[in-house]
Amino acid sequence: MFIFNRSLSGENFQTIRELPTTAQETYVAGEGLVVTTGALTKVGATAKPEYIAAANYVAPVEGQKELPVYPVLPHHEYETTFAADASAVTEGSKVTIHTDGAQITATGTNGVATIVRKLGTGAEGTKALVRFI
């Protein structure tokens, strides 16, 4: 999951917005999201997340609620984990987002998450700090 670590511009917390959800989609707190056709959906591997889910929610076929989300800004830093062995990936590299929308991969082609710092060797499951710039 993407957990807010800090802001490089000085604010101490994120602001929450509420946005429409997509019918029959499951949302998990900490996953990256984008707005498509006016509603939130899980971010793809090579798209920068626009928002991070602030709550778990399963949207029904009809009557879905708005989901609380945190806007992703270029000066925000997030903690997440590697979904694959990234020991060969260096800090400063850009990598893609895992299919779960909540971790990063070791794939550099079309990467969107800039690795600020690896918090360990880079083995699968290792934590890392990233920015979406």
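The residue numbers shown here count from 1 along each chain, following its written sequence. Selection of residues for local features in this predicted model requires a pLDDT of at least 70, selection of side-chain atom pairs for listing and counting requires 80 or more, and totals for whole chains, interfaces and linings are taken over all residues. Computation of side-chain values covers all heavy atoms of the structure but excludes hydrogens and water.

This part takes up the packing of aromatic side chains. Within 6.5 Å between ring centres, the rings of Phe, Tyr and Trp (the latter by its six-membered ring) count as paired, and their orientation is classed by plane angle as stacked under 30 degrees, edge-to-face over 60, tilted in between. Tallying each qualifying case throughout the model produces four aromatic pairs. Geometrically, the ring pair formed by F4 and Y78 is edge-to-face, given 6.3 Å between the ring centres and 75 degrees between the ring planes. Here Y78 lies in strand β9 (residues 76–81) and F4 lies in strand β1 (residues 3–7), a separation of 74 residues in the sequence. Each residue's exposure class comes from its accessible area (1.4 Å probe, protein chains only) as a fraction of the maximum for that residue type: buried when under 20%, exposed when over 50%, partly exposed otherwise. Taking relative accessible area as the criterion, F4 reaches 22% and is therefore assigned partly exposed. Both rings, one in Y78 and one in F132, keep their centres 6.0 Å apart while their planes meet at 50 degrees; by these two values the pair is tilted. Of the two residues, Y78 is situated in strand β9 and F132 in the segment after β12 (127–131); the sequence distance between them amounts to 54 residues. Joined through ring pairs, the aromatic side chains of F2, F4, Y78 and F132 make up one cluster. Helix and strand assignments come from DSSP, with helices taken as H or I runs of at least 4 residues and strands as E runs of at least 2, each series counted from the N terminus.

In this section: the sheet that holds strand β8 (residues 66–71). If you walk across this open sheet you meet the five strands as β2-β8-β6-β4-β5, and the pairing is antiparallel. Here the strands that pair on one side only, and so sit at the sheet edges, are β2 (17–20) and β5 (39–42). Each strand axis lies, on average, 55 degrees off the axis of its neighbour in the sheet, ignoring direction. Here the rule is simple: two strands pair whenever DSSP picks up at least two bridges between them. With four bridges connecting them, β2 and β8 associate as antiparallel partners. Residue pairing across strands places R17 opposite V69, the latter belonging to β8. With axes taken as lines fitted to C-alpha atoms, and helix axes fitted only over the stretch in contact, angles between N-to-C directions fall between 0 and 180 degrees.

Before going further, it helps to spend a moment on the sheet that holds β9. Strands sit in the order β1-β9-β12-β11-β10 across an open sheet of five strands; the sheet is antiparallel. Strand pairing shows two members of the sheet lacking a second neighbour, β1 and β10 (94–95), which therefore form its edges. Where β9 meets β12, four bridges bridge the pair, whose relative direction is antiparallel. Bridge assignment links Y78 to a residue of β12, and that residue is V130.

Below, the discussion takes up the pattern of salt bridges. Each salt bridge in this description consists of a side-chain nitrogen of Lys or Arg and a carboxyl oxygen of Asp or Glu lying within 4 Å of one another. Per the stated rule, a full pass over the model turns up three salt bridges. Salt-bridge contacts for E31 lead to K42; the nearest nitrogen and oxygen are separated by 4.0 Å. Placement of the pair is E31 in the loop between β3 (26–27) and β4 (32–36) and K42 in strand β5, with a sequence separation of eleven residues. Given the relative accessible area of 33%, K42 is considered partly exposed. Here E79 makes a salt bridge to K127, at a shortest N to O gap of 3.5 Å. Residue E79 is located in strand β9, and its partner K127 is located in strand β12; the two are separated by 48 residues in the primary sequence.

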